[in-house]
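Spelled out, the chains give:
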Amino acid sequence: MWITSSPTTALTPTTVALGNFDGIHRGHEQVIQPILQESRASTALEEQKGLDNLDESNFKETLPIRNGAANDHVYATMATFYPHPREFFSGEAWKLLTPRAEKVKRLSVLGVEQLVLLPFDRELASLTPEQFVEKILIQQLKATHVSVGADFRFGNQRLGTSNDLRAIASSFGVDVTIVPLFTYEGERISSSLIRESLETGDIDKANRLLGRSYSLTGVVIKGQQMGRTIGFPTANLQLPPDKFLPRHGVYCVRVSTSSLSSLASEQFGVMNIGMRPTVNGTSLTVEIHLLDWTGDLYGQTLIVSIEKFLRSEAKFPSLDALKSQIQADCAAARVYFGNGQ
Ligand SMILES: Cc1cc2nc3c(=O)[nH]c(=O)nc-3n(C[C@H](O)[C@H](O)[C@H](O)COP(=O)(O)O)c2cc1C
Ligand SMILES: Nc1ncnc2c1ncn2[C@@H]1O[C@H](COP(=O)(O)OP(=O)(O)OP(=O)(O)O)[C@@H](O)[C@H]1O
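If you're wondering where the values come from, they're calculated on a predicted model, not measured in any experiment.

Colleague: Describe the overall build of the chain, and please don't skip the residues or the numbers.
Modeller: Looking only at helices and strands, the chain features 10 helices and 14 strands. Looking at the chain residue by residue over its 341 residues, the buried ones come to 47%. Looking at the chain alone, contacts between residues at least 24 apart form 73% of all its contacts between residues at least 6 apart. Of the roughly 17,000 Å² of accessible surface on the chain, 52% is carried by carbon and sulfur atoms.

Colleague: Can you tell me about helix α4 (residues 100-110), naming the residues and giving the values?
Modeller: Among all positions in α4, only Glu102, Lys103, Val104, Leu107 and Leu110 are buried. Trailing α4 by a residue or two, Gly111 shows a phi angle of about 105 degrees, which is positive.

Colleague: Explain the site of ligand 2 residue by residue, including any values.
Modeller: What surrounds ligand 2 is a group of 22 residues, the closest being His25, Asp151, Phe182, Ile189 and Ser192. Contacts to ligand 2 include Phe21, whose backbone N or O atom sits 2.9 Å from an oxygen atom. Here Gly149 contributes a backbone N or O atom positioned 3.0 Å from an oxygen atom of ligand 2. Considering ligand 2 on its own, with 610 Å² of exposed area, one finds that the protein chains cover 92% of that surface. Put simply, ligand 2 lies in the largest pocket.

Colleague: So what's going on with the environment of Leu127? Residues and values would help.
Modeller: In this fold, Leu127 is placed in the loop between α5 (122-125) and α6 (129-140). Taking the C-alpha atoms as reference points, Leu127 and Phe154, separated by 27 residues in sequence, lie 9.2 Å from one another. Setting aside residues up to four positions removed in sequence, Leu127 forms contacts with Phe132, Ile136, Gly155 and Asn156.

Colleague: Please give an account of the side chain of Thr14 that cites residues and values.
Modeller: With respect to the helices and strands, the residue Thr14 is situated in strand β2 (residues 14-18). A polar atom in the side chain of Thr14 sits 2.7 Å from the backbone oxygen of Leu141. Sequence-distant contacts of Thr14, that is, excluding residues within four places in its chain, are made with Val74, Tyr75, Thr77, Gln114, Leu141, Lys142, Ala143, Thr144 and His145.

Colleague: Describe helix α9 (residues 203-210), listing the residues and the values that go with them.
Modeller: Listing the buried residues of α9 in full gives Ile203, Ala206, Asn207, Leu209 and Leu210. For α9, the buried positions fall inside an angular range of 160 degrees around the axis, keeping them on one side. At the C-terminal side of α9, Gly211 shows a positive phi close to 90 degrees.

Colleague: Outline the packing of α6 against helix α7 (residues 162-170), supporting the account with residue identities and numerical values.
Modeller: For the pair α6 and α7, interaxial distance at closest approach is 10 Å and the crossing angle is 55 degrees. Judged by the inter-axis angle, α6 sits oblique to α7. Crossing handedness for the pair α6 and α7: right-handed. The segment α6 lies against α7, with Pro129, Glu130, Val133 and Leu137 engaging Leu165, Ile168 and Ala169. Looking at side-chain class alone, the contact of α6 with α7 contains 6 nonpolar, no polar and 1 charged residues.

Colleague: Please set out the layout of surface pockets residue by residue, giving values where relevant.
Modeller: Approximately 960 Å³ is the volume found for the largest pocket. Lining of the largest pocket is provided by 38 residues; of these, Gly19, Asn20, Phe152, Arg153 and Arg158 occupy positions nearest its centre. Of all the elements in the fold, those that place two or more residues in the lining of the largest pocket are α1 (26-52), α3 (85-90), α5 and α8 (191-200). A per-class count over the lining of the largest pocket returns 18 nonpolar, 13 polar and 7 charged.

Colleague: Pulling in residues and values, what's your account of the sheet that holds strand β10 (residues 235-238)?
Modeller: Around the barrel, which closes on itself, the 6 strands sit in the order β9-β10-β13-β12-β11-β14 with antiparallel pairing between neighbours. Pairs of neighbouring strands in the sheet enclose a mean axial angle of 45 degrees, with direction left out of account. Here β10 pairs with strand β13 (residues 285-290) via 2 bridges, running antiparallel. Each bridged residue has a counterpart across the sheet, and for Ala235 the counterpart in β13 is Ile288. Lying on the sheet, helix α10 (residues 319-336) is in contact with β11 (249-257), β12 (267-274), β13 and β14 (301-311); it crosses β14 at an angle near 100 degrees.

Colleague: Give a detailed account of the sheet that holds strand β5 (residues 143-149), specifying residues and quantitative values.
Modeller: Read across the open sheet, the 6 strands follow the order β1-β4-β3-β2-β5-β6; overall the sheet is parallel. Looking at strand neighbours, the two that pair on one side only are β1 (2-4) and β6 (175-179), the edges of this open sheet. Taken pair by pair, the neighbouring strands of this sheet meet at an average axis angle of 20 degrees, ignoring direction. Bridge analysis of β1 against strand β4 (residues 114-119) gives 3 bridges, and the strand direction is parallel. Paired with Thr4 across the bridge in β4 is Val116.

Colleague: For the nonpolar core, give the residues involved together with the corresponding values.
Modeller: Residues Leu216, Leu237, Met271, Leu302 and Val304 are the most contacted members of the largest nonpolar core, which totals 32 residues. Every element with two or more residues in this core is listed here: α8, α9, β9 (215-221), β10, β11, β12, β13 and β14. Apart from the residues lying within four places of it in its own chain, the contact partners of Leu237 are Leu216, Gly218, Val219, Val220, Ile221, Val286, Ile288, Leu302 and Val304. One finds Leu124, Ala125, Ile136 and Ile168 within the second-largest nonpolar core, a separate group that totals 27 residues.

Criteria and thresholds
- Residues numbered from 1 in each chain as written.
- Chains lettered and ligands numbered in written order.
- Predicted model: local features only at pLDDT ≥ 70, side-chain atom pairs only at ≥ 80, totals over all residues.
- Heavy atoms only, no water.
- Helix = DSSP H or I, 4+ residues; strand = E, 2+ residues; numbered from the N terminus.
- Buried < 20%, exposed > 50% of the residue type's maximum accessible area, 1.4 Å probe, protein only.
- Contact = heavy atoms within 4.5 Å.
- Areas by Shrake-Rupley, 256 points an atom, 1.4 Å probe, with all protein chains shown as cover.
- Near = heavy atom within 4 Å.
- Polar contact = N/O pair within 3.5 Å; in protein donor to acceptor, adjacent residues only side chain to side chain.
- 1 Å grid on protein atoms, 1.4 Å probe; cavity = no way out; pocket = protein on both sides within 12 Å on 5 of 7 lines; lining within 4 Å.
- Sits in = over half its atoms within 2 Å of the grid points.
- Arc of directions from axis to C-beta.
- Axes fitted to C-alpha atoms, helices over the stretch in contact; angles between N-to-C directions.
- Parallel < 35°, antiparallel > 145°, perpendicular 65-115°, else oblique.
- Left-handed = near helix turned anticlockwise from the far one by under 90°.
- Nonpolar A, V, L, I, M, F, W, Y, C, P; charged D, E, K, R; others polar.
- Points joined across faces, edges and corners; volume = space filled by probe spheres on them.
- Pairing = 2+ DSSP bridges.
- Core = buried A, V, L, I, M, F, W, Y, C linked by side-chain atoms within 4.5 Å.

Next comes the structure, spelled out in structure tokens:
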């Protein structure tokens, strides 16, 4: 996937899904679908042209190549803002459901070909809706089609609505798909609602809104190595600093790794997110104990899918008391994953 934070270097022409898209939830996927369809239609057209021109003597030259203006390919593009507008306006670091690497991975799976990170600064924030369309969408991205949700707002002071976008874009001959709001049990699916669910430990709801399990991807680093002394070795995860974490506490998780060398298949585990008050911890840690697994995971990248909130983190009077509780956590996780022992 081509990623650029300079819209003038975007691959063009484009079909554009527009918004913040933090989390890439089920509502976002509805907005992305039309641009994929349009891009695939252009690929089919290209391939047909390639085939029409094909003969044995010029085989190489007539296959469609996607570089430069010489082809008709329309690039399925997500145009999003960086930093997140909330971070820009509040001046405070904004934690993300999908930090950049995760977003890119998810978009690639969906078939998006290009991510354009529009630098969100005073200049961009002060563009009127008309200026935004003309400068960014038409001149820079050479959009042929744009897709947004019905509640999309844009331009200076968020004055432009999705209908305004359609009216302005149509004056340039560009179609706008306005996707009806995708709801779950009567509530509009949004990044904010997913954050709220994660904050309260309602993992089931967060995962249903997302359409997949909320996950943490990080490298295993060394902890204090006390876990093994109480019989529960843990993999301590280092996460991107801008990753949004659910409420502190203990969770049932599924763990996999992109590397073939460590975990042969997905493993079940228990995870603690918190300060470890029992051992007078001073920093936030995210640590996982894998059920029925021993081995070395240092340096490995783990993908941890969060499935269920079990309990809040607590300060125990002794390490033995903590150990008994972790044993109970493991038992609860086995029951949850259906292999009670
Ligand atoms: C499933 C699980 C639950 C935990 N619950 C708590 C807890 O409630 N309170 C606490 O202080 N620490 C808790 N911990 C963290 C332990 O204190 C920690 O694993 C131990 O201190 C070892 O840390 P280390 O791996 O950095 O050496 C938990 C750890 C796990 C794996
Ligand atoms: N549930 C939904 N159904 C259809 N379109 C949606 C839905 N949620 C967001 N969109 C659209 O997807 C694009 C990206 O949405 P954006 O990330 O800005 O909103 P969001 O998920 O509601 O996040 P937040 O809660 O932070 O406002 C926008 O065009 C928006 O209108």
